[in-house]
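Read off the chains here:
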Amino acid sequence: MVHMVVQIPGSPDACPDWAMIELQGDLQSRQDNSLHSKFIGDLHFTKKGVPVLIIGHHILYGKIVTLEKPFVVMSKNINTKANDSMETDQEMDMQKPKGIDYLVKAIVKKKLVFKTRPKPIIANVPKKI
């Protein structure tokens, strides 16, 4: 099972909504490289709101599921003691963290589930004999 996170467009003032993508099976690259931060495919929605994922020459149809317990995406900020005097790098490295703050980046409330096998995308090619 593969999980990915995507951003859902919304109000710029509010905390952004993200959705998790769940795929049944594995994603493999041809070069056996890591897929981290790589382009995988295109995510579209039909007029009825059905998610459609296109990966290469394959198409997957999914459904939107609301999570029972939402996830929060957070970033950790470590605050160090600030002095007005000039300090060397060694002194700064030896400082203990004064406090730790967590900033909420987004909330994951929905999951896009793709359970079916991918269907190949075949162009209509006329047969000539």
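The coordinates are above.
It should be emphasised that the depicted structure is a prediction, and the values quoted were computed from it without experimental measurement. (Residues numbered from 1 in each chain as written. Predicted model: local features only at pLDDT ≥ 70, side-chain atom pairs only at ≥ 80, totals over all residues. Heavy atoms only, no water.)

Draft legend 1. Quick peek at a nonpolar patch on the surface. A contiguous nonpolar patch, built from Val-72, Met-74, Ile-78, Ile-100, Tyr-102 and Val-104 and spanning about 570 Å² of accessible area, is present on the exposed surface. Contributions of two or more residues to the nonpolar patch are made by strand 6 (63–80) and strand 7 (97–114). By secondary structure assignment, the location of Met-74 is in strand 6. With relative accessibility at 46%, the residue Met-74 sits in the partly exposed group. (Patch = residues over 30% accessible without salt bridge, like charges linked within 9 Å, V, L, I, M, F, W, Y side chains within 5 Å. Areas by Shrake-Rupley, 256 points an atom, 1.4 Å probe, with all protein chains shown as cover. Salt bridge = Lys/Arg side-chain N within 4 Å of Asp/Glu carboxyl O. Helix = DSSP H or I, 4+ residues; strand = E, 2+ residues; numbered from the N terminus. Buried < 20%, exposed > 50% of the residue type's maximum accessible area, 1.4 Å probe, protein only.)

Draft legend 2. Representation of the pairing of strand 3 (residues 42–45) within the structure. Bridge count between strand 3 and strand 4 (residues 51–55): four bridges; the pairing is antiparallel. Residue pairing across strands places Asp-42 opposite Ile-54, the latter belonging to strand 4. In sequence, strand 3 turns back onto strand 4 through a hairpin of five residues, with Gly-49 there showing a positive phi of about 90°. (Pairing = 2+ DSSP bridges.)

Draft legend 3. Inspection of the side chain of Glu-22 at higher detail. The topology assignment puts Glu-22 in strand 2 (residues 17–23). Within the structure, Glu-22 has its side chain in polar contact with the side chain of Lys-111 (distance 3.2 Å). (Polar contact = N/O pair within 3.5 Å; in protein donor to acceptor, adjacent residues only side chain to side chain.)

Draft legend 4. Spotlight on the sheet that holds strand 4. Taken in spatial order, the four strands make up an open sheet running 3-4-5-8, and their pairing is antiparallel. Bordering the open sheet on either side are strand 3 and strand 8 (119–120), each of which pairs with just one other strand.

Draft legend 5. Structural detail: the side chain of Ser-75. Examined against the element boundaries, Ser-75 turns out to sit in strand 6. Exposure remark for Ser-75: the relative accessible area of 19% places this residue in the buried category. Residues in contact with Ser-75, not counting those within four places in the same chain, are Asp-101, Tyr-102, Leu-103 and Lys-105. (Contact = heavy atoms within 4.5 Å.)

Draft legend 6. Looking closely at the layout of surface pockets. Put simply, the largest pocket is a space of about 640 Å³. Forming the boundary of the largest pocket are 23 residues, of which Asp-26, Leu-27, Gln-28, Ile-55 and His-58 lie nearest the centre. (1 Å grid on protein atoms, 1.4 Å probe; cavity = no way out; pocket = protein on both sides within 12 Å on 5 of 7 lines; lining within 4 Å. Points joined across faces, edges and corners; volume = space filled by probe spheres on them.)

Draft legend 7. Quick look at the pattern of salt bridges. Under the criterion given, the structure shown has one salt bridge. A salt bridge links Glu-22 to Lys-111, with the shortest nitrogen-to-oxygen separation between them at 3.2 Å. With Glu-22 in strand 2 and Lys-111 in strand 7, the pair connects residues that are 89 residues apart, well separated along the chain. For Glu-22, a relative accessible area of 8% puts it in the buried group.

By themselves, these observations are geometric and do not establish any function.
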